[in-house]
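Close look at the chain arrangement
Listed below are the residues making up each chain.
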Amino acid sequence: MTIQLLGAIFIVVGSGLEGFRRAYMLQKHQRVLINLANAFSWMQNEIVKRQTPILDIVKDQQLRKGDVELLYEKFNHHLVVSQFLLRDAWIEAVKEYGEYSLLNQEDLEWIERIGEAIQQFDRQSIDKELSFVIDVLRNRHHEARNRAIQFGKLYKTLGVMGGVLLVLLLS
Amino acid sequence: MHPILSLLPQSLQQEIGSVVTMALDGVEELRIRIGRPVELVMEQNTIALTYIPSSSDRQYIAEKISQHSFYSLEEELKKGYITIEGGHRVGIAGKVTLENGSVQAIQSISSFAIRKAAERVGCADQFMKELWDPRQQRWKHCLLVGPPKSGKTTLLRDMARFISSEQTHQGIKAQKVSIVDERSEIAACHVGIPQLTFGTKIDVLDRCPKIEGMTMMIRSMSPEVIIVDEIGHTRDIEAVVDAIYTGVTIIMTAHASSMEELRKRPLMDKLLQSEVIHFIECSSRGSSLFRGTEKVITVDRER
């Protein structure tokens, strides 16, 4: 009887945790998107308004914690150590970052376009390209946030209830 | 390897290395045009390579000269060229963007002209003893004249080096030299720091208009000698004469094919009637120092 009770608790907790994990991933996904959009927006301002050299921007961005830091760390590595050109260094950094990130393939493809934007020779072109990508990322963040609100609670409830249902079916 | 080569793609470096030494001896300029053969401009002739640069080569060179931030050079590029580390100059041509009718930036690059910094340390030495006044312990004013590419600026730069360094064997102490470098040609500054050989007592006002620059230097740096390039307009000459009245020695250049041509210009009257009596006439063959109309010394140009 005790073993059965422990097994039931284990199933409910396990299933509940999976629900919470999925809800957390939705929440994290939207947070990563907005953090990156903000970082790119800051980079855009530095380039367009202050003409800050890219290596200085990268150094500053590496001081931010979390996903932004990781992406710019990899970018800096490819730019300075591997001696890649801007676009190649950025694309390589995004690919490596994608392996550790919660972002999906479509998000990563949009982020890769930042590499195209920053390799332009004049600020006007950089501004135009970056604005476009940042707008898309912000839209994707809105969708991700709505999804997190819409499905976050659902996943949590489904996780716990699914566990309970499984216990009932097994008993 | 010459620092200019490090700005170029490896395949181009190799082709240049097969034609000239990796130290780029004898090369004055590299002409890189997208879709056209690369040219090496030598002192006497031009060598065309078989290498045809592509748009990815353009991206490579642009990123190397700007440390991946070409947009940050917009202000410098409005003057047509940028000065890189080592004092070398990179001229750029391509499609420009305009704002209110004036050039704002270069949107797309079609050509690079990389000009090796022309420094000939010691080329002014023979003239300097004639320009030193041992009695007053000061340098005499001097005007260098000559057509473009006759070596005026190279000579002027070496005079600045000589004056700002201690000349122990001649018993001349280093003097405070202020260079007003309107086009970054004399001192070849990169981020405000002179890249070429000078003495210890050198101050440079980089990319500053001559007239304002001379006044600023006199007020702030108490120079003993002011070096200034390409005097031509009435206001430039007035500013030079005003500076002479403050007791500073002025060494300057002016475009003219010869001394005779310069003397015919009414604009120069004021300058020629002032304390300036020493002139150096520069040409592709060499340079001659005149005291008034009397030729004092001639130095052939080294090849």
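Residues numbered from 1 in each chain as written. Chains lettered and ligands numbered in written order. Predicted model: local features only at pLDDT ≥ 70, side-chain atom pairs only at ≥ 80, totals over all residues.

**Thoughts on the overall build of chain A**
Each helix and strand in chain A was counted, giving 6 helices and 0 strands. Across chain A, helices and strands are ordered from the amino to the carboxyl terminus as α-α-α-α-α-α. Over its C-alpha atoms chain A spans a radius of gyration of 21 Å, topping by over 25% the 16 Å that the globule rule assigns to 171 residues. The principal-axis extents of the C-alpha atoms in chain A amount to approximately 70 × 30 × 25 Å. (Helix = DSSP H or I, 4+ residues; strand = E, 2+ residues; numbered from the N terminus. Rg over C-alpha atoms; globule rule 2.2 N^0.38 Å.)

**Some words on the overall build of chain B**
The number of helices and strands found in chain B is 9 helices and 18 strands. Scaling as 2.2 N^0.38, a compact globule of 303 residues should have a C-alpha radius of gyration of about 19 Å, and chain B matches this with 21 Å. Its C-alpha atoms put chain B at 60 × 45 × 40 Å along the principal axes. Looking at chain B as a whole, 37% of its 303 residues qualify as buried. (Buried ≥ 20, exposed ≤ 12 C-beta atoms within 10 Å, placed from the backbone.)

**Looking at helix α5 (residues 105-118) of chain A**
Residues and elements named next belong to chain A. Across its 14 residues, α5 extends 21 Å between first and last C-alpha, which sits within 8% of the 20 Å expected from 1.5 Å per residue. Listed in full, the buried residues belonging to α5 are D107, W110, I111, I114, A117 and I118. Buried residues of α5 fall within an arc of 95 degrees about the axis and therefore sit on the same side. Away from the buried face of α5 by more than 90 degrees, exposed residues Q105, E106 and E109 are located. (Expected span 1.5 Å × (residues − 1). Arc of directions from axis to C-beta.)

**A closer look at the sheet that holds strand β1 (residues 27-33) of chain B**
Residue and element names in this part refer to chain B. Spatial ordering of the open sheet is given by β3-β2-β1-β6-β5-β4, a layout of 6 strands whose pairing is antiparallel. Unpaired on one side and paired on the other, β3 (46-48) and β4 (81-83) mark the two borders of the sheet. Averaged over all pairs of adjacent strands, the angle between strand axes in this sheet comes to 30 degrees, irrespective of strand direction. The pairing of strand β5 (residues 89-99) with strand β6 (residues 102-115) spans 11 bridges and is classified as antiparallel. By the bridge assignment, V96 is partnered in β6 with I106. (Pairing = 2+ DSSP bridges. Axes fitted to C-alpha atoms, helices over the stretch in contact; angles between N-to-C directions.)

**Re helix α5 (residues 152-164) of chain B**
Relative to the 18 Å expected for 13 residues at 1.5 Å per residue, α5(B) spans 18 Å between its end C-alpha atoms, a close match to the ideal helical length. Counting buried positions along α5(B) gives 13 out of 13 residues, so the element sits mostly inside the fold.

**A closer look at the interface of chain B and chain A**
With 17 residues of chain B in contact, the opposing surface of chain A contributes 15 residues. When residues of the side of chain B that touches chain A are traced back to their parent elements, those giving at least two are α2 (55-66) and β6 of chain B. It is β6(B) that provides the largest number of residues to the side of chain B that touches chain A, a total of 5 residues. A class-by-class count of the residues in the side of chain B that touches chain A yields 7 nonpolar, 8 polar and 2 charged. (Contact = placed C-beta atoms within 7 Å. Nonpolar A, V, L, I, M, F, W, Y, C, P; charged D, E, K, R; others polar.)

**Focus: the nonpolar core**
Residues and elements named next belong to chain A. Core analysis: the biggest nonpolar cluster contains 62 residues, and L36, F40, F75 and W90 have the highest contact counts within it. With 10 residues, the single largest contributor to this core is helix α1 (residues 2-50). In contact with L36, not counting residues within four places along its chain, are D67, V68, I111 and L137. (Core = buried A, V, L, I, M, F, W, Y, C linked by C-beta atoms within 7 Å.)

**Structural notes on the pairing of strand β17 (residues 286-291) of chain B**
Residues and elements named next belong to chain B. Where strand β16 (residues 278-282) meets β17, 5 bridges bridge the pair, whose relative direction is antiparallel. Paired with F279 across the strands is F290, a residue of β17. Adjacent in sequence and paired antiparallel, β16 and β17 are bridged by 3 residues.

**Some details on the environment of I149(A)**
All names here are of chain A. Along the polypeptide, I149 turns up in helix α6 (residues 123-170). Look at I149 and you get exposed, because 12 C-beta atoms sit within 10 Å. Distance from I149 to L26, taken between C-alpha atoms, is 8.7 Å for residues 123 residues apart in sequence.

**Thoughts on the sheet that holds strand β14 (residues 225-228) of chain B**
Residues and elements named next belong to chain B. Taken in spatial order, the 8 strands of this open sheet run β13-β10-β14-β15-β9-β16-β17-β18, and their pairing is mixed. Edge positions in the sheet fall to β13 (202-206) and β18 (294-300), since each has one partner strand and no second. Sheet twist, expressed as the mean angle between neighbouring strand axes with direction ignored, is 15 degrees. Strand direction decides the pairing type here: strand β9 (residues 142-146) and strand β15 (residues 249-255), joined by 5 bridges, are parallel. The residue of β15 that forms the bridge with V145 is A254. Contacting β10 (177-181), β13 and β14, helix α6 (residues 210-221) crosses the sheet at an angle of about 155 degrees to β10.

**Overview of unusual backbone geometry**
Non-glycine residue Q51(A) carries a positive phi angle of around 50 degrees. If you trace the backbone, Q51(A) turns up in the loop between α1 and α2 (54-61). Taking the C-beta count within 10 Å as the criterion, Q51(A) has 14 such neighbours and is therefore assigned partly exposed. Despite not being glycine, Q137(B) shows a phi value in the positive range, around 50 degrees. For Q137(B), the position within the fold is in the loop between β7 (132-133) and β8 (138-139).

**Describing the packing of α5(A) against α6(A)**
Residues and elements named next belong to chain A. One way to put it is that α5 packs onto α6 with a least axis distance of 8 Å and a crossing angle of 165 degrees. Accordingly, the angle class assigned to the pair α5 and α6 is roughly antiparallel. The element α5 and its partner α6 pack so that their crossing is left-handed. Every residue of α6 that contacts α5 at D107, W110, R113, I114, E116, A117 and I118 is listed here: I126, E129, L130, V133, V136, L137 and R140. Of the residues belonging to the contact of α5 with α6, the class tally is 9 nonpolar, no polar and 5 charged. (Parallel < 35°, antiparallel > 145°, perpendicular 65-115°, else oblique. Left-handed = near helix turned anticlockwise from the far one by under 90°.)

That is the geometry; function is a separate question.
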